[in-house]
Structure formats: structure tokens, C-alpha cells
Amino acid sequence: MSTLKIENLHVCIDNKEILKGIDLTINTGEIHALMGPNGNGKSTLLSAIMGNPKYQVTEGSIYLDGQNVLEMSVDERSKAGIFLGMQYPQEIPGVVTSDFLRAALNAHQEKPVSLFKFIKELDKNIADLKMDENLAHRYLNEGFSGGEKKRNEILQMKLLKPKFALLDEIDSGLDVDALKIVSEAINDMKSDSFGCVMVSHYERLFELVSPSHVHILVDGKIVLSGGQELIDRIDKEGYRWVKELGFDFETEENKQPIVLGSCGNKVKAK
Amino acid sequence: MSRLVDIDNYLVLENGTIKETSFKQDIQIQNQTLMINEDAKVQIIYKTTEEGTYQFNIEIKDRLHVDLVEMYEASKSCSYTKNIKINESSEVLRYVEKNSHQNIQLDLDENVDVYKYARVSCAYVELTDYTTLSKIKYRLLEEEASVKLRLASLSKEKENKHYEMTLEHLAPHTYGDMDNYGIVKSKASLIIDGVGRIYKGMSGSDTHQTNKIIVFDEGCKAQANPYLYIDEYDVKASHGASVGKIDEDHLYYLMSRGLSKQDAMHLVTYGYFLPVLEFISVESLKERFSDVLKEKVGL
């Protein structure tokens, strides 16, 4: 069994504190659901665990089986068994998906995977996820629909077989059928050597992949932890009742203008 | 430097003089000019072992389909001047590559004249360890002449590479398009000047260019300069230039899958140059290019 242990984690972005002391322990074999209104720090938590350079950890610790995760570079974290299924996977023109997947797989193994074995495994997973057969030859995420991008994240998770998968709104952009396929893929991964943290706003995903633990994160802190009953209540009543328990937080993300950055890429205004 | 298996016609020049020829099609050499008179695939190797200034010309007759692969292999500094004439309605696919493992200077001054309805696509591939000043000029001399260029240049160590890529529109209804891509590493310098020139009266012409340089390290020098000189109203023209670092979000994404920063950068570099392959029709050359690129970017 492996354990991912987060203690008193404080995280800033551009000197604004987003996470204000998170304590969370995840063991393999468990599925954790992370819920909370927009803009309260769920994605930040997952990104900070992965090591996104935009986020600064100012206090606290993250340990994976006694190894200090905060001292690891992003690729070392991946190799240690952490996987982040991103909310907005990057489109990388010029990088062919199969080249990338093979490089990623090789990075996780001592011996490079044989081409034959790689193609066999890739084809099988692409078929399981009912993805475009040409996907392997296309540029990474470029021109992929929202649903294809999310399935591509799941494909990578299946190939890399992490100890801990952090899935950030993996269900957004998926239609009902695709959601079923993705949920099945996550359920297939379930084992004593796999742990998962899922962020989602929809009860639907949690019906298909039932979590063993549920947490509510507001204003940078986990204010409630429990089981399925929390999901039911949020689905019926929203987050108002959490406020009534005495926690104060914003329920709407501040709308940020979209500006054109360099090279015409869409970037969010800081 | 080896002969490509799927090319029938082969010519080796050593220090400007003809060393070896093997032609299956109607191809002749007169006064330092290679005359191609029939549809053909031709490979030319320019070997240089002595310092000097060399000249060589190529003429492609009208209404032909020609694949031209040119490779420079030099162990001494040298400079080449070339005049190339592509006659009416011919279609030409060119691939120009320079090879050297020594830090020498290899300059190239190339003037390509393109006549009526002729179409030329050319890839210039520069992955080698030398310094260069390359002036490449395509003159579109008659109506409906069309040129498409693509440059892929890697400048590393202390190399100093400067390209002047020019499209001159000297007739109405002529079309030019170029994409010049570069990567600069360590202490190297790379300058790309893209020049599009449409003269007065050359209406209905299009000239487009994109110049992009990715900078890898502090201490590199990079310049992408787009120039458009237009003296006519009824034309279409566009230019773009960008110099920048590799996208941090791209690196983060690739690294989050276990790729080291080095590997991630290599993968992006490789992908950045890959579109040059579209300009290569010869299979063995495609493989070769891919191998050289992998070796040079260290994949």
C-alpha cells in the first residue's frame, strides 16, 4: 500500500494565497472525491501536488511513502507515481501523439518498451476508450474535441499506471456515452495499488465511479470530510448549507477577462 | 555522405569540378551548368576540401517534373554561388542540406529564376556545425510563377547563422510563400531576414512569410526580421515574425508525464522542424532527415 500525505499545505499564486492549510491523506485502494464551489482551490491543490511551476508552496508538506514530493521536479513526481489528468490539456503542435506516449512510457521504465509491445498496448487502449484510430498519428491534442482531450488524458493514465491519479474535472466536455467509457476506465484501474482524487461538479461521475471518501474544499481549506451523503446533499441543496455551518467563502469565481497573449494564444489575464 | 538509393541521377562536384556523374535520364553538363532535359530525380553533392569560391548553375527545361536533392559537404570554409533557372510550366521539388562536423564557414548565394507557370517548392535544412551567411533569392519573372520555401535551421554552440530569404515578384499574378523556422541554443546566433518584394505593376500577386525562432538558452542571439516592399495596390501580402522561448505550459505538460526537461525540449524541437518533411518526396531522404534531426537534437 502507498500513501500520499499532505499536511498543512499553503499555496500561493502571484502572491495571493489560494490554499490555506490543507490536510489530506490518500491511500492506494481509495477513491477520493474533492468538491467545492468554483475558485476555492480544488484545481490548485491538484496542480500543486503535480508541481506546476506557477504555484508556490509557502508552507506545509507532501510526502509519498516517506519521500518528500516537494523536493522533486515535475518529471520525478510523475516517475514516483503521481499522475494529473488536466482540466485543460495542452495542445502541442508538431509533437506526434505516439512519439510522446512512447517517450512518456520509456521515462517510466528502466528498459525502453519494444515498439511491438507499445503499439499493441496503445491500440488496445485506444479501442477500449473508443478513440479515433488515427489518434496516434495526430499532433498531441491539436484539433482534438474537448471529449477527445479528456479521453487522451485517461489513455495516458492507463498507459502509465500511476499509484495516484489526480483527475481534474475529467468529466467536463464528455457526452453521456463518453462519460461511461471514462468511468469504466477509472473503475478498471481500481485496485489495492491505485488511489485516485477526482474533482468534479457533477454527481453523475460519482454515481459511476463511487468514491470511498468525499471532501468539501472551501476558501482554501477542507471543511468537511465524509462519504456519499455529502455528495447527495450538495446535489440537492448546493453549497449554501456549508456556509450556514459557519464557513465563509465566495461561491462564484471572479470573472476574468480573456486577453490575447503573445503569438495570439488565449491566456487568462493574471 | 552517401548516394540515395531511390535516385537515378547522381553528380558529385569536388571543389567546384565534376568528379563523378551517373545519369539515367537526359541530363547534360555544359560550362558548369547542369541541364536537365527530361523528368528526373537528381542528387547533387558539393564536396569541398579546399578553401575557395565556387560556382555552379542548374537549368531545368520547360514542362518537366524534377526532384532535386542537393547536399553540401565541406571540411574547409567556402562559398558557393549558384544560378538556377526553372523554365515554363516545370514543377520542381528541391531539398537543400548542408553537412559538416567542423566549425567552418559555408556561404551560399543562390539566385533562382522562375518562369511562366513554373512551380517550385524548396526546403532548406541546416542542422550542421558551421557558420553561414546564406542569401537565397527567388525571382518570379513571369505570370503564374509560384514558389514555396521552408527553412529549418538549428544554430548551436558558438555558431553564427544568417539567412536572407527573398521573394521578388517581377511579373503580375505571381505567388510566393515562405516559412522560416529556427532554433538557437547555447551561445549561438541566428538571424533570419524574410524579404518580400512586389514591384509596381505586378498586380494580383501574393507574397506571404512567417519567420519563427525558438530560443533555448540565455546568451543566445536571435533576430527574425520580416520585410515587405510593396509598390502596387492590388496584391495580397502578409508577414509574421516571432522570437520566443519554448512554451512553459507545453514543457510542464510533457514533464508531468515523466519526460525530463531535456527530453521534452527535444520532442518539441523535433516537432517544430518536422513540417519540412512535407517537402521531401524521396522516401530514403525522409528517413535520413528524420535520423539526422534525431541525432542533432539528441532524441
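These numbers come from a predicted model, not from an experiment.

(A) View of the overall build of chain B. Summing up its helical and strand segments, chain B has three helices and 19 strands in all. With respect to the principal axes defined by its C-alpha atoms, chain B has extents near 55 × 50 × 35 Å. In chain B, buried positions account for 56% of the 299 residues. For chain B, the computed accessible surface area is about 12000 Å², with 43% contributed by carbon and sulfur atoms. Averaging the locations of the 36 positively and 48 negatively charged side chains of chain B gives two centres separated by 3 Å.

(B) Seen up close, the sheet that holds strand S5 (residues 67-68) of chain A. Residue and element names in this part refer to chain A. With antiparallel pairing, four strands are arranged side by side in an open sheet as S2-S1-S4-S5. Lying at the two open borders of the sheet, with one neighbouring strand each, are strand S2 (16-27) and S5. Note: strand S1 (residues 3-13) against strand S4 (residues 56-64), seven bridges, orientation antiparallel. Within the sheet, the bridge partner assigned to cysteine 12 lies in S4 and is glutamine 56.

(C) Representation of a negative patch on the surface in the model. All names here are of chain B. Residues Asp6, Asp8, Glu287, Asp291 and Glu295 make up a contiguous surface patch of negative charge. Following the sequence through the fold, glutamate 295 ends up in helix H3 (residues 283-297). You can call glutamate 295 exposed: its relative accessible area is 55%.

(D) Fine view of the side chain of threonine 48 of chain B. Residue and element names in this part refer to chain B. Note on placement: threonine 48 falls in strand S5 (residues 40-48). Here the side chain of threonine 48 touches tyrosine 80 through a polar contact of 2.9 Å, side chain to side chain. Ignoring sequence-local partners within four residues, the contact set of threonine 48 consists of Asn15, Tyr54, Glu73, Ala74, Ser75, Lys76, Cys78 and Tyr80.

(E) Layout of the UniProt feature "domain: ABC transporter" (unreviewed entry) in chain A. UniProt's feature table lists "domain: ABC transporter" (unreviewed entry) at residues 4-244 of chain A, given in the numbering used throughout. As a span, residues 4-244 of chain A carries 38% helix and 29% strand, and end to end its C-alpha atoms are 31 Å apart.

(F) Up close: the interface of chain A and chain B. Counting from both sides, the interface comprises 34 residues of chain A and, opposite them, 17 residues of chain B. In this assembly, chain A packs against chain B so that about 2100 Å² is buried in total across both faces, 65% of it on carbon and sulfur atoms. Its salt-bridge partner being lysine 54 of chain A, residue aspartate 249 of chain B comes within 3.0 Å of it at the nearest N-O pair. Across the chain A-chain B interface, the total number found is eleven residue pairs in polar contact (both at pLDDT 80 or more). Among the secondary structure elements, those contributing two or more residues to the side of chain A that touches chain B are helix H1 (42-50), helix H2 (74-80), strand S6 (82-85), strand S7 (92-96), helix H3 (97-107) and helix H5 (146-160) of chain A. Along the lines of polarity and charge, the residues of the side of chain A that touches chain B split into 17 nonpolar, eleven polar and six charged.

Criteria and cut-off values
Residue indices follow the written sequence of each chain, beginning from 1 at its first position. All chains are assigned letters beginning at A, and all ligands numbers beginning at 1, according to the order in which they are written. Side-chain atom pairs in this predicted model are given and counted only at pLDDT of 80 or more, local residue features only at pLDDT of at least 70, and totals for whole chains, interfaces and linings cover all residues. Working from all heavy atoms in the structure, the side-chain values ignore hydrogens and water. Strands are runs of DSSP state E lasting at least two residues, helices are runs of H or I lasting at least four, and both sets are numbered from the N terminus onward. Exposure is judged per residue with a 1.4 Å probe applied to protein chains only, and the accessible area is read against the type maximum: over 50% gives exposed, under 20% gives buried, and values in between give partly exposed. Only the protein chains shown count as cover for residues, and all accessible areas are computed by the Shrake-Rupley method using a 1.4 Å probe. In this count, Lys and Arg are taken as positive residues and Asp and Glu as negative ones, while His and the chain termini are left out. Charge coordinates come from a single atom per side chain, which is NZ of Lys, CZ of Arg, CG of Asp or CD of Glu. Criterion used throughout: strands pair if DSSP finds at least two bridges between them. What goes into a patch is any residue over 30% in relative accessible area without a salt bridge, connected to like charges within 9 Å or, for nonpolar side chains (Val, Leu, Ile, Met, Phe, Trp, Tyr), within 5 Å. Any carboxyl oxygen of Asp or Glu that lies within 4 Å of a side-chain nitrogen of Lys or Arg is treated as forming a salt bridge with it. Any N or O atom pair separated by 3.5 Å or less is treated as a polar contact, with the protein-specific requirement of one donor-capable and one acceptor-capable atom, and with residues adjacent in sequence counted only for side-chain atom pairs. Note on contacts: a residue pair qualifies if any of its non-hydrogen atoms lie within 4.5 Å across the two residues. UniProt positions are given in the numbering used here, feature names are shortened, and annotations may be inferred rather than shown by experiment. In short, buried area is how much 1.4 Å probe accessible area vanishes from two parts on joining, totalled over both. Under this grouping Gly is polar, as are all residues other than the nonpolar Ala, Val, Leu, Ile, Met, Phe, Trp, Tyr, Cys and Pro and the charged Asp, Glu, Lys and Arg.

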